[in-house]
Amino acid sequence: MFDSVGWPEILVLALVGLFVLGPERLPEGAAWLGKAVRQVRDYASGAREQLRSEMGDEFDQLQKPLNDLRSVRNFNPKTAVTKHLFEGENPLDDLSGNGSSSNGSGSAPAAKPAESKPLSPGERPPYDEDAT
C-alpha cells in the first residue's frame, strides 16, 4: 500500500505534522494515525478472509490476473536480457508462468548453451562465427 513512500516523504510529513499540531499534540496525532492505519488493515484482511471463505477456489482464480500483472510490474529488462543471453532462458516464460514460449512470434526457442556453467565476472561468452 505504501510501497512508494520513502524516508524523505515521511520526514516531510513529520515536519508538517509538527507545524500543524505543535510539539505537545504531535504524539497524540501519531498514536491516532497508527491506530487508524492498523484498524483499516485489520478490516481489509478480515474482508479478504471472508471473501476467501465464501468464494473458495474462485477467489484464487480471481487473484491470478492480479498476480500476473504484479509479475509484469516487477519485470526487469536487464535481468531478462541477462537470462536470455547467458542462460539461454526465455524471459517471457517467467511472465506467463506456464513454461511455454509466449512471445507470439512463432520462432523456435533459444538454444541452450552447450555448457550451463555461469560466466565468471569479466569472462566473455564464446564467439560463434556461424551465428553472424
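Just above, that's the structure.
Summarised in this report is the structure supplied together with it.

Here is what the cut-offs are and how they apply
- Position numbers for residues count from 1 along each chain, tracking the sequence in the order it is written.
- Where totals are concerned, whole chains, interfaces and linings use all residues; where local detail is concerned, this predicted model gives features only for residues with pLDDT of at least 70, and gives and counts side-chain atom pairs only at 80 or more.
- Think of the side-chain values as coming from all heavy atoms in the structure, minus any hydrogens and water.
- In this text, helices come from DSSP runs of H or I with a minimum length of four residues, and strands from runs of E with a minimum of two, each type numbered from the N-terminal end.
- In this scheme, a helix's expected span is set at 1.5 Å multiplied by one less than its residue total.
- A residue counts toward a patch only above 30% relative accessible area and without a salt bridge, and it is joined to like-charged neighbours within 9 Å or, for Val, Leu, Ile, Met, Phe, Trp and Tyr, to nonpolar neighbours within 5 Å.
- We get accessible surface area from the Shrake-Rupley algorithm with a probe of 1.4 Å; when it comes to residues, only the shown protein chains can shield them.
- The rule for a salt bridge is simple: a side-chain nitrogen of Lys or Arg has to be within 4 Å of a carboxyl oxygen of Asp or Glu.
- Working convention: axes come from line fits to C-alpha atoms, limited for helices to the stretch in contact. Angles between N-to-C directions cover 0 to 180 degrees.
- With respect to orientation, any angle under 35 degrees is reported as roughly parallel, any angle over 145 as roughly antiparallel, any angle of 65 to 115 as roughly perpendicular, and every other angle as oblique.
- Contacts were defined at the residue level, with two residues in contact if any of their heavy atoms lie within 4.5 Å.
- For this classification, the nonpolar set comprises Ala, Val, Leu, Ile, Met, Phe, Trp, Tyr, Cys and Pro, the charged set comprises Asp, Glu, Lys and Arg, and every other residue, Gly included, is treated as polar.

**Topic: helix α2 (residues 26-55)**
Here is step 1: Between its terminal C-alpha atoms α2 stretches 43 Å, which fits the 44 Å expected from 30 residues at 1.5 Å a residue.
Here is step 2: Looking one or two places after α2, you find Gly-56, whose phi comes out positive at around 70°.

**Points about a nonpolar patch on the surface**
Here is step 1: Judged by side-chain polarity, Leu-11, Leu-15, Leu-18 and Phe-19 come together as a nonpolar surface patch covering roughly 440 Å² of accessible area.
Here is step 2: Note that Leu-18 resides in helix α1 (residues 7-21).

**Quick word on the packing of α2 against helix α3 (residues 57-73)**
Here is step 1: Direction vectors running N to C along α2 and α3 enclose 120°, while the axes themselves pass 5 Å from each other. Relative to α3, α2 is oriented oblique. Along its contact with α2, which presents Arg-48, Leu-51, Arg-52 and Met-55, the element α3 presents Asp-57, Glu-58, Phe-59, Asp-60, Leu-62 and Gln-63.
Here is step 2: Grouping the amino acids of the contact of α2 with α3 by side-chain chemistry returns four nonpolar, one polar and five charged.

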